[in-house]
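# Secondary and tertiary structure notes
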Amino acid sequence: MTKFKFWNEVCKYGAIIGLVMSVAFVIEQSLMLSVWILAAVVYIALLYRFAKRRREQYGHEQGFPLSRGLGFILALILSSALIKGVVEYLYRSVFIGYSEYIDRYTSALIRFAEDGKLPASMEGVFAEMLKTIQEAPEPSILATVWASIWGNLIVGLVLGLILAGILARAPRPFGPQSEE
């Protein structure tokens, strides 16, 4: 029963986080707005809230070890990254088309360079980078989802260790202990 409930919660909460991350991605890509700071704050708050809910299911006598919290948080991150990866692929390749996406992306990079934010010594490297981006083949759905999972897993491991450490609780088999 516990394992079923674990995966049920991972799917439910992971879907919520994945949809929030996907909406932030679509807003950022379609409006060329940088909303990653707001998205990161919401992402961290949701991970903390859902992991805290999971911790509340364990009594004081059981405790909530770091490993249990980290496992739950990493499972949430993996399920949400899977959803975000699928949405990224659908947005980039189906909804707007890969060539349109590359045109938008290179236009934004060119605007960045024209605003004087690029040092003169980097112009050759920048031109080569633009050429590489424009000539790159369209990534498959598997490559897009894998990149999303891998990127989120690296960040999520550090974040998960911090959050699991905050939420960890040692077992108290005899209830709350008073100071004597």
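Shown above is the structure to which this text applies.
Summarised in this report is the structure supplied together with it. (Residues numbered from 1 in each chain as written. Predicted model: local features only at pLDDT ≥ 70, side-chain atom pairs only at ≥ 80, totals over all residues. Heavy atoms only, no water.)

### Some remarks on the nonpolar core
Formed by 23 residues in total, the largest nonpolar core has its most connected members in I17, Y43, L47, F50, F72, I73 and L76. When residues in this core are grouped by element, the largest group, seven residues, is from helix α3 (residues 66–95). Leave out the neighbours within four places in its chain, and F50 touches Y13, I16, I17, F72 and L76. Core analysis: the next-biggest nonpolar cluster, separate from the first, contains seven residues, Y101, L109, F126 and L130 among them. (Core = buried A, V, L, I, M, F, W, Y, C linked by side-chain atoms within 4.5 Å. Buried < 20%, exposed > 50% of the residue type's maximum accessible area, 1.4 Å probe, protein only. Helix = DSSP H or I, 4+ residues; strand = E, 2+ residues; numbered from the N terminus. Contact = heavy atoms within 4.5 Å.)

### A word on helix α5 (residues 123–135)
Between the first and last C-alpha of α5 there are 18 Å, a value that for 13 residues agrees with the 18 Å anticipated at 1.5 Å per step. When we look at burial in α5, the residues that qualify are F126, L130 and I133. Buried positions in α5, seen along its axis, are confined to an arc of 65 degrees and lie on one side of it. Within α5, the exposed residues directed more than 90 degrees away from the buried face are G124, V125 and E135. Next to the buried residues of α5 lie α4 (98–117). (Expected span 1.5 Å × (residues − 1). Arc of directions from axis to C-beta.)

### A look at the packing of α3 against helix α6 (residues 141–167)
Close contact between α3 and α6 brings their axes to 7 Å; oriented N to C, the two are set at 150 degrees. With respect to α6, the element α3 is oriented roughly antiparallel. Remark: the crossing between α3 and α6 carries right-handed chirality. Within the contact of α3 with α6, the residues separate by chemical class into 18 nonpolar, eight polar and three charged. (Axes fitted to C-alpha atoms, helices over the stretch in contact; angles between N-to-C directions. Parallel < 35°, antiparallel > 145°, perpendicular 65-115°, else oblique. Left-handed = near helix turned anticlockwise from the far one by under 90°. Nonpolar A, V, L, I, M, F, W, Y, C, P; charged D, E, K, R; others polar.)

### Considerations on the packing of aromatic side chains
One pass over the full model with this rule turns up eight aromatic pairs. Aromatic side chains F25 and Y91 sit 5.8 Å apart centroid to centroid with 85 degrees between the ring planes, which places their arrangement in the edge-to-face category. Of the two residues, F25 sits in helix α1 (residues 2–31) while Y91 sits in helix α3, which places them 66 residues apart along the sequence. Neither residue differs from the other here; F25 and Y91 are each classed as buried. (Phe/Tyr/Trp six-rings, centres within 6.5 Å; stacked < 30°, edge-to-face > 60°.)

### Quick notes on a nonpolar patch on the surface
On the surface, a cluster of nonpolar side chains totalling about 570 Å² of accessible area is made up of V86, L90, V94, F95, I141 and L142. Those elements that provide at least two residues to the nonpolar patch are α3 and α6. Of all the elements, α3 adds the most residues to the nonpolar patch, at four residues. Looking at the element boundaries, V94 is found in helix α3. (Patch = residues over 30% accessible without salt bridge, like charges linked within 9 Å, V, L, I, M, F, W, Y side chains within 5 Å. Areas by Shrake-Rupley, 256 points an atom, 1.4 Å probe, with all protein chains shown as cover. Salt bridge = Lys/Arg side-chain N within 4 Å of Asp/Glu carboxyl O.)

### What about the environment of N8?
Position of N8 among the secondary structure elements: in helix α1. Separated by 28 residues in sequence, N8 and W36 place their C-alpha atoms 28 Å apart.

### Describing the packing of helix α2 (residues 36–56) against α3
Running from N to C, α2 and α3 cross one another at 135 degrees; their axes reach a closest spacing of 10 Å. By the angle between their axes, α2 is oblique relative to α3. Between α2 and α3 lies a crossing of right-handed hand. Contacts between α2 and α3 involve Y43, L47, F50, A51 and R54 on the former and, on the latter, F72, I73, L76 and I77. Its residues assigned to classes, the contact of α2 with α3 comprises eight nonpolar, no polar and one charged.

### Considerations on the side chain of R169
Position of R169 among the secondary structure elements: in the segment after α6. The buried charged residue R169 lacks any salt bridge, with E56 as its nearest oppositely charged partner at 7.6 Å. Engagement of the side chain of R169 in a polar contact is seen with the backbone oxygen of Y58, the distance being 2.5 Å. Residues in contact with R169, not counting those within four places in the same chain, are R55, Y58, G59, H60, G63, F64 and P65. (Lys, Arg positive; Asp, Glu negative; His and termini not counted. Polar contact = N/O pair within 3.5 Å; in protein donor to acceptor, adjacent residues only side chain to side chain.)

Purely spatial values, then, with no claim about function.
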